[in-house]
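Here is how the chains run, residue by residue.
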Amino acid sequence: MACKRIPLAHGRLHSLRRLRASVVFVRTVAVLAVSLQAAGAFAELPEPTDLVDQQHCMFCHTSDAPFLAPSFHQIAEHYRDTPNASTMLEDKLRHGGKAHWGDMAMPLPEDRGGPLSAGDARTLVRWVLSQ
Ligand code: HEC
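All of the points below concern the structure found in this document. Computed from a predicted model, the values in this text were never measured in an experiment.

Quick notes on the rules
- Residues numbered from 1 in each chain as written.
- Predicted model: local features only at pLDDT ≥ 70, side-chain atom pairs only at ≥ 80, totals over all residues.
- Heavy atoms only, no water.
- Buried < 20%, exposed > 50% of the residue type's maximum accessible area, 1.4 Å probe, protein only.
- Helix = DSSP H or I, 4+ residues; strand = E, 2+ residues; numbered from the N terminus.
- Arc of directions from axis to C-beta.
- Contact = heavy atoms within 4.5 Å.
- Donors = N, O, S within 2.8 Å, 3.2 Å for Na, K, Ca; no water.
- Tetrahedral: all angles 85-135°; square planar, octahedral: opposite > 155°, others 65-115°.
- 1 Å grid on protein atoms, 1.4 Å probe; cavity = no way out; pocket = protein on both sides within 12 Å on 5 of 7 lines; lining within 4 Å.
- Points joined across faces, edges and corners; volume = space filled by probe spheres on them.
- Nonpolar A, V, L, I, M, F, W, Y, C, P; charged D, E, K, R; others polar.
- Core = buried A, V, L, I, M, F, W, Y, C linked by side-chain atoms within 4.5 Å.
- Axes fitted to C-alpha atoms, helices over the stretch in contact; angles between N-to-C directions.
- Parallel < 35°, antiparallel > 145°, perpendicular 65-115°, else oblique.
- Left-handed = near helix turned anticlockwise from the far one by under 90°.
- Near = heavy atom within 4 Å.
- Polar contact = N/O pair within 3.5 Å; in protein donor to acceptor, adjacent residues only side chain to side chain.
- Sits in = over half its atoms within 2 Å of the grid points.

### As for helix α5 (residues 85-95)
Among the residues making up α5, those that are buried are Ala85, Leu89, Glu90, Lys92 and Leu93. Within α5, the buried residues cover an arc of 165° as seen down the axis, which keeps them to one side. Structurally, α5 contributes buried residues whose contacts are with α4 (72-79), α6 (109-112) and α7 (118-129).

If you want it as structure tokens, here you go:
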């Protein structure tokens, strides 16, 4: 009886070791992913905070989690390979347009906090698409 238990315990120990090895592996991958993300963040343009606050962008959007509106990451991903996307989006931020992400359209600048100049729209869109 006792002899039979030893190989069993041995087996368990081995699988525990294997488990620990894979936990270490997963942790390493996670750390790598986080540092890659941090490296990628250098490519992201700085947030034009005054504009973003004045237009209440973060009232509906977040950078990476869809909330009341698509996240800025989703939007950037969606338009990554679309030529002229920024021109279209700048125009849409200033003058509105058809919703592309469902039924709810984005409010016009006047309802978000005030008129938006072409230059400011450009700054905002470049920032969104860099995320
Ligand atoms: C009241 C909520 C709200 C606010 C405030 C808001 N958005 Fe949006 N936004 C939305 C919704 C809803 C959509 C998805 C509907 C659509 O496609 O127009 C959207 C879509 C977008 C899109 C993608 C449009 C497309 O055609 O794919 C961009 C870019 C965007 N928002 C940027 C911004 C920026 C920059 C600000 C601040 C200047 C802002 N949003 C403020 C709700 C909002």
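### Concerning the coordination of the iron atom of the ligand
The protein atoms that coordinate the iron atom of the ligand are His61 (NE2) and Met106 (SD), at distances of 2.0 Å. Here the iron atom of the ligand is ringed by six donor atoms whose angles at the metal span 84 to 179°, and the overall shape comes out octahedral. Of this pair, His61 sits in the loop between α3 (57-60) and α4 while Met106 sits in the loop between α5 and α6, placing them 45 residues apart in sequence. With a relative accessible area of 9%, His61 lands in the buried category. Among the residues examined, Met106 registers a relative accessible area of 34% and is labelled partly exposed.

### Quick look at the layout of surface pockets
By volume, the largest pocket is sized at about 660 Å³. As for the largest pocket, its lining consists of 31 residues, and the residues nearest its centre are His61, Ala69, Ile75, Leu93 and Met106. Going through the elements one at a time, α3, α4, α5, α6 and α7 are the ones with two or more residues in the lining of the largest pocket. At four residues, α7 tops the list of elements feeding residues into the lining of the largest pocket. Tallied by class, residues from the lining of the largest pocket come to 22 nonpolar, five polar and four charged.

### Regarding the nonpolar core
Core analysis: the largest hydrophobic core is formed by 15 residues, its most contacted members being Phe72, Leu116, Leu124 and Trp127. Elements represented by at least two residues in this core include exactly α2 (49-54), α4, α5 and α7. Of the residues forming this core, the biggest block, five residues, is contributed by α7. The residues touching Leu116, leaving out its near neighbours within four places in the chain, are Leu51, Gln55, Leu93, Arg94, Pro109, Ala121 and Leu124.

### What about the packing of α5 against α7?
It is at 9 Å that the axes of α5 and α7 come closest, and there the two elements cross at 125°. As summarised for this structure, α5 and α7 are arranged oblique, according to the angle between their axes. Viewed along their axes, α5 and α7 form a crossing whose handedness is right-handed. Contacts between α5 and α7 involve Ser86, Leu89, Glu90, Leu93 and Arg94 from the first element and Ala118, Ala121, Arg122, Leu124, Val125 and Leu129 from the second.

### Topic: the site of the ligand
Around the ligand, the structure places 22 residues, and the nearest of them are Cys57, Cys60, His61, Tyr79 and Met106. Residue Tyr79 places a side-chain N or O atom 2.4 Å away from an oxygen atom belonging to the ligand. The contact in question runs from an oxygen atom of the ligand to an N or O atom on the side chain of Lys92, over 2.7 Å. Comparing atom positions with the cavity grids shows the ligand to sit within the largest pocket. When contributions to the shell around the ligand are tallied by element, the ones reaching two or more residues are α3, α4 and α5. In terms of residue class, the shell around the ligand is built from 16 nonpolar, four polar and two charged.

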